[in-house]
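So the chains spell out like this:
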Protein chains: 4
Amino acid sequence: MPALQRGAAYASRERTIGRLRLGSLVKAVLIASILTSVLGAMLFTLPDLSETQKQWLRYALATNLAIFSIEYAVRFWLAPEINPEGQAQPWQARLAYARSFLGLLDLLVILPIFFWLLIPHESGIYNFVGLLALFKSAHYAQSMQLFITVFRNERKPLMSYLVVLLVLLVLFATAAYVVEHDAQPNTFRSIPHSMWWAIVTMSTVGYGDIMPITPLGKLVGGLTMILGIALFAVPAGIVTNGFAAELKRREFVVTWRTVANVPLFKTLDAIRIADIAQLLKAQVVPARQVVVRRGEMADAMFFIMSGEVEVDVPPEPIRLGEGQYFGEIALLKESPRTATVLTVEECTLLSLDARDFRRLMERHPDLKLAIERVAEARLHTHADGTPVTG
Amino acid sequence: MPALQRGAAYASRERTIGRLRLGSLVKAVLIASILTSVLGAMLFTLPDLSETQKQWLRYALATNLAIFSIEYAVRFWLAPEINPEGQAQPWQARLAYARSFLGLLDLLVILPIFFWLLIPHESGIYNFVGLLALFKSAHYAQSMQLFITVFRNERKPLMSYLVVLLVLLVLFATAAYVVEHDAQPNTFRSIPHSMWWAIVTMSTVGYGDIMPITPLGKLVGGLTMILGIALFAVPAGIVTNGFAAELKRREFVVTWRTVANVPLFKTLDAIRIADIAQLLKAQVVPARQVVVRRGEMADAMFFIMSGEVEVDVPPEPIRLGEGQYFGEIALLKESPRTATVLTVEECTLLSLDARDFRRLMERHPDLKLAIERVAEARLHTHADGTPVTG
Amino acid sequence: MPALQRGAAYASRERTIGRLRLGSLVKAVLIASILTSVLGAMLFTLPDLSETQKQWLRYALATNLAIFSIEYAVRFWLAPEINPEGQAQPWQARLAYARSFLGLLDLLVILPIFFWLLIPHESGIYNFVGLLALFKSAHYAQSMQLFITVFRNERKPLMSYLVVLLVLLVLFATAAYVVEHDAQPNTFRSIPHSMWWAIVTMSTVGYGDIMPITPLGKLVGGLTMILGIALFAVPAGIVTNGFAAELKRREFVVTWRTVANVPLFKTLDAIRIADIAQLLKAQVVPARQVVVRRGEMADAMFFIMSGEVEVDVPPEPIRLGEGQYFGEIALLKESPRTATVLTVEECTLLSLDARDFRRLMERHPDLKLAIERVAEARLHTHADGTPVTG
Amino acid sequence: MPALQRGAAYASRERTIGRLRLGSLVKAVLIASILTSVLGAMLFTLPDLSETQKQWLRYALATNLAIFSIEYAVRFWLAPEINPEGQAQPWQARLAYARSFLGLLDLLVILPIFFWLLIPHESGIYNFVGLLALFKSAHYAQSMQLFITVFRNERKPLMSYLVVLLVLLVLFATAAYVVEHDAQPNTFRSIPHSMWWAIVTMSTVGYGDIMPITPLGKLVGGLTMILGIALFAVPAGIVTNGFAAELKRREFVVTWRTVANVPLFKTLDAIRIADIAQLLKAQVVPARQVVVRRGEMADAMFFIMSGEVEVDVPPEPIRLGEGQYFGEIALLKESPRTATVLTVEECTLLSLDARDFRRLMERHPDLKLAIERVAEARLHTHADGTPVTG
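The model shown is predicted, which means the values in this text are computed figures rather than measured ones.

Draft legend 1. A look at the sheet that holds strand E6 (residues 325–326) of chain D. Residues and elements named next belong to chain D. Strand order in the open sheet made by the four strands is E1-E8-E3-E6, with antiparallel pairing throughout. Pairing within the sheet leaves two strands with one partner each, and these edge strands are strand E1 (281–285) and E6. Pairing of strand E3 (residues 300–306) with strand E8 (residues 347–353) involves six bridges; the strand directions are antiparallel. Its bridge partner lying in E8, isoleucine 304 is registered against leucine 349.

Draft legend 2. Local environment of the environment of leucine 320 of chain A. With respect to the element layout, leucine 320 of chain A can be found in strand E5 (residues 318–320). Once the C-alpha coordinates of leucine 320 of chain A and isoleucine 199 of chain A are considered, the two residues, 121 residues apart in sequence, prove to be 55 Å apart.

Draft legend 3. Geometry of the sheet that holds strand E8 (residues 347–353) of chain A. Here four strands make up an open sheet; going across it, the order is E1-E8-E3-E6 (chain A) and the pairing antiparallel. Each edge of the sheet is formed by a strand with only one pairing partner; in this case those strands are strand E1 (281–285) and strand E6 (325–326) of chain A.

Draft legend 4. Molecular detail of the environment of valine 344 of chain D. All names here are of chain D. Among the secondary structure elements, valine 344 is positioned in the loop between strand E7 (341–343) and E8. The sequence separation of valine 344 and glutamine 289 amounts to 55 residues, and the corresponding C-alpha distance is 7.9 Å. In contact with valine 344, not counting residues within four places along its chain, are Ala287, Arg288, Glu308, Val309, Glu310 and Arg319.

Draft legend 5. Region of the structure containing the interface of chain A and chain D. Listed as interface residues are 54 residues of chain A and, on the opposing side, 55 residues of chain D. Across the chain A/chain D interface, buried area totals approximately 4,500 Å², and carbon plus sulfur atoms make up 70% of it. Looking only at chain A, the three residues that lose the most surface to chain D are Met42, Trp196 and Tyr207 of chain A, adding up to 16% of its buried area. Taken together, chain A and chain D are joined by zero salt bridges. The tally of links from chain A across to chain D stands at four residue pairs in polar contact (both at pLDDT 80 or more). Going through the elements one at a time, helix H1 (3–43), helix H6 (144–153), helix H7 (155–180), helix H8 (191–202), helix H9 (215–261), E1 and strand E2 (290–292) of chain A are the ones with two or more residues in the side of chain A that touches chain D. When residues in the side of chain A that touches chain D are grouped by element, the largest group, nine residues, is from H9 of chain A. Residue composition of the side of chain A that touches chain D, by class: 35 nonpolar, 11 polar and eight charged.

Draft legend 6. View of a positive patch on the surface. Residues Lys27 of chain A together with Arg152, Arg155 and Lys156 of chain D make up a contiguous surface patch of positive charge. By the secondary structure assignment, arginine 155 of chain D is in helix H7 (residues 155–180).

Draft legend 7. Quick peek at the pattern of salt bridges. Considering all chains together, one arrives at 32 salt bridges over all chains under this definition. The shortest N-O distance in the salt bridge between glutamate 71 of chain B and lysine 136 of chain B comes to 2.9 Å. With glutamate 71 of chain B in helix H2 (residues 51–77) and lysine 136 of chain B in the loop between helix H5 (101–118) and helix H6 (144–153), the pair connects residues that are 65 residues apart, well separated along the chain. Notably, a salt bridge pairs aspartate 106 of chain B with arginine 75 of chain B, separated by 3.8 Å at the nearest N-O pair. On the criterion of sequence distance, the pair formed by aspartate 106 of chain B in helix H5 and arginine 75 of chain B in helix H2 is long-range, its members being 31 residues apart. The exposure class assigned to aspartate 106 of chain B is buried, which follows from its relative accessible area of 1%. The class for arginine 75 of chain B is partly exposed, based on a relative accessible area of 22%. It is possible to trace a salt-bridge network through shared partners that takes in Glu71, Arg75, Asp106 and Lys136 of chain A.

Thresholds, definitions, all that
Residues numbered from 1 in each chain as written. Chains lettered and ligands numbered in written order. Predicted model: local features only at pLDDT ≥ 70, side-chain atom pairs only at ≥ 80, totals over all residues. Heavy atoms only, no water. Pairing = 2+ DSSP bridges. Helix = DSSP H or I, 4+ residues; strand = E, 2+ residues; numbered from the N terminus. Contact = heavy atoms within 4.5 Å. Buried area = accessible area lost by both parts, 1.4 Å probe. Salt bridge = Lys/Arg side-chain N within 4 Å of Asp/Glu carboxyl O. Polar contact = N/O pair within 3.5 Å; in protein donor to acceptor, adjacent residues only side chain to side chain. Nonpolar A, V, L, I, M, F, W, Y, C, P; charged D, E, K, R; others polar. Patch = residues over 30% accessible without salt bridge, like charges linked within 9 Å, V, L, I, M, F, W, Y side chains within 5 Å. Areas by Shrake-Rupley, 256 points an atom, 1.4 Å probe, with all protein chains shown as cover. Lys, Arg positive; Asp, Glu negative; His and termini not counted. Charge placed at Lys NZ, Arg CZ, Asp CG, Glu CD. Buried < 20%, exposed > 50% of the residue type's maximum accessible area, 1.4 Å probe, protein only.

Below, the structure written as structure tokens:
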């Protein structure tokens, strides 16, 4: 990493910390707004609410809607800064936000005010617009994408499971109806009534409003319950394996992306990157361990998958984090390490063996040229010619 | 892939798309028929149904049965086209359908009409024939086979689990009977009555019609519930691991089948195919990535496991999908790639290294001969001598 | 496999089939006896049983006890044949059965008769001795050992889980007591009463006899329920991973045992066998596939892990099953295969590469000697000198 | 292992056994104290307790608090012996205990007595101080750390899941309120009341105090229940995969630590140790098997991951357990094994191949030097010059 880049990283780091503090506060306010909006709308339905209490709830709602309106304006205006990728013009970025899924949800939440501002009138329905704030929770469930992917990947077995579930429900409901109808003509009145019993039993909810009383009916009920246990096992099996497969796939894609983002490899095609990704060995290194030591021979370069390392270069050590790499220049120059690198916390590193690195270059002359060009450029940025993360 | 084959693929593709549109409509109608049939039969049991409503349900049933009859006739008549494999004569294919499991289910659903047409008479039971349509849902639960396989593979541990469950039920029911009988002689009347309590409790349904009231009885109940939690874990564990094992096995068989279907490898015996299948490396390539580039040296051939790739050959790019392969001719001729191949969506490719490919040929002279013969045949089909998927 | 051994295998096979038919009948009778014994004892507790019905139940019980007594006598007498391993004297085998866990359970079930025969008297307790037959179910839950092993392996995390569960129960019970005691002094009377509510809620049984009614109480209840969901996830996670680890370990031990049982490797020490076990590659081969073909060069030997293969040797093909192996003599003699081997059903084979086989021999001269001695012995058994399984 | 060290191991072993016996008794007393403390505090809330019974509970509480005070004093005083690592001065170790999490919990439990001793007065609250003993259970749930780690690692998906759960609860509660409010204005009084129904239903508790009665309401209820089943699958999937990932990571770290603790490798940096850790092959060896035999050529050294082995050296065999290693000196001296090593129970061994061992030394001259120095030191400790663990 050249010095210039290093300086930039520092500055960005500091700004990030400043932002984080402000960001945490803003985030807390917004989450509180969402929670009080939804809670307020729910409390509004309480039948024994005094007029004063209702007025307070209306004030709270108005405050929250104001906050959401400001949030929308800020998100709209700062769209080019928040999400700078791929948009040439600021207005394009703003339009992109306004038309995005999250942007539309944000708009939906504040839309009722504009209606009311345009045509002010009294209607009970306005007391419940706070419920819409529920949709804003999509901003704060980042890992939700993992669930959605797993459920989309496994939609076929899950749908099949649902079909099986429905068929079993109808079968057991019919059986219970046939067996119990004469004994309890009022509760097991019809198959639809019996269906209610079947779903309440199979899902193991068991309200107790409707249940078999004849010995035969209890036998049917017992079988329904045992099947209910088996029924819990099937989606658990599907979802658990879906998670495992998706996580494995993501791990590969992460490796692929890490390699694809190394300047050296940017010009390579997909398969060659996948090839390199497979040469990498994952290593979990505990905290405060030496990874490379100044003066030692270089036998590998490293990509950081998670965690942070410290490179002790003068004037003061710098830190490298997820997605960054080190040790490549010493490998190219076939020189000893010029710095010691320690792990700050437990790190997952991907190492590319010197041998594999060289074999790769021999096999692909175009890659070798690219490497030499990049190395040349890097060393020129350094006035003193010393590779930093060597 | 020779030009002729390519043309055929196109034509088949267009026909498929046309069919898919019609097919989706037909499928929707059939699913609606099944749902309304079953729902109608269930609604018929409602005690407070007016005669007019009953008449409407009968009309709906008649319509659905007509649809099912037409479906049966069409499936029977088009059997040779729907499932062309392995049947020399059209009538053999039709008979095969009529005698298949799904065919028999289809027949079962419409059988009551024929009875009624032969001997027209009034009977309440005819109102419920719609319930039989439930069996037709087997057509629409394609992934169900996976469940069946997993449950069949794991039938031994699952049966053992059932035995343990039953033994525990009897033990806890006896304990609860002994402890609670004196306090509640009417609810815990006998061990069979206590069994009902045990299954209702262990399956965590908990209707609330029968439960312990003495301190000792509540202790027995609490233990039963804690065991109930453990009981959910066991089938979940069995089924989850069963899914994982079956999916792994399927993955291998799919690879094996893919390799076995390559013309080159058709003459090999099972073990050699398994050997080759193990030489293949799976690679997940994101969408819109270059896999091979025109003019580059060929270092591997590829089998498509999932996803689609685009080969940009003149006059217009062609697409290859699951089970197809590319890049083998350039490997055989040791010439540069003659076309660029891009992924259309995320693909899983299996690559066979040029080195492994050649080692294979050296070891098995018969394989080498077969390869040269196939390559010769392929190049002759091409009038211009240019390998398409290079 | 020499001819003699082949003949023995045939004879044993035929006897096995004959036994299986008789065995299935005997097994069915015994299972029926167990079920009717337990059911009978349970029915005896029904309060509205007529004297005639009671008499019938007593007759059934007497019959079942007679059957169990005969079973015990037969198992005792035939102990040397049923379990011939490791016992020099028939009486030692019989004593071993009598002192085994299953033997003691079998005795326990019939013990009450002997008491009654010694001191005939009338007692109500005798009506319930049928319940003891429950213990005999241990004979029919062969996979149960897997559960026991998994639960024993995971006993530490499961116990920790139980401790956490109990601590949470006490905490939530105390919270609910504090919150609800004033509103419902009769149901939430004390912390022990509240504990009953906590376990009924956390296990998601929910009888409905005791539940919070104040808003704060419902909040405590809601948290208890959400924790209840999380509580189901933990044992599921422990048990699922326990199953996976145990199955993986068993797979290794099976491979190890298979290798250790090959005559060739019997003299090796544990580590060397483990070494060889790691050289083996598992291959799943679909049904009706050629594994080795007569006349081809031998490049591996095979151990059958599951499934059956057919070796087409004159006069008629023989079958080899789980734990057997083939292809080793051709490997030793460096001659072409003398027979074709097909899979009868889907098989899992472990193949040992010719190269690894030879490297092994070079490294260990003692192993080489042993191999040559075994091969010599095998070829001498064959009068015609042709190795059977090629 | 030199003779001196061997002797020390013996002495330590004997002392350990003696301590274990005393330890088990002490542990049992302490667990009983915790249980009776908590139980006593819970029983105190029973409304129909006589004054005598209360007095007994107070005596029991006093006894338990005395035991806990003694325990605290002993733990405090023996802190240097119990946890000797890293503390130069006994008082430092004592202070470390007093300030540790467990130490503070131990103090918290006995704190009320000191208050009472300082200012003796009568207060009902003192009857419940036994409940604090609950916190001492943290001492006896050692595997709990695994849960905590898994839940901390998976906190992001679990939090997302909680957000989704809450959003679904609000949505279904609102739907049920809209649908059922008119039919049951008293039970579905408001959305907060409906929320109670939603959580009781979705967690499958189902008390039966509040449930839909209209057909539409039952449809909403049915969907809620089916979602409830799906909801159980998600945390099960997250936690199961979290356990698997954590166990895999731990396994690696354990291997890493084992290698890092070999004197030979102590000077190496983290990455080199990780390299060696990856060269090790895990082998499960059944009980009573020979691992290395006296007089054989040495081809590997072994690290014990789990289980115990017996080395038959004169005058009597010694045992090595988890974390120890054997077979390294014969490898260094390139001499035959001087002792036979057997497994006592099933062991997991990690073997480092002689070839990998030597390659390592060639590549790193500094490592070679270190090895020779260590070997020299070891052989000097032996007066007779015979390496013990061969």
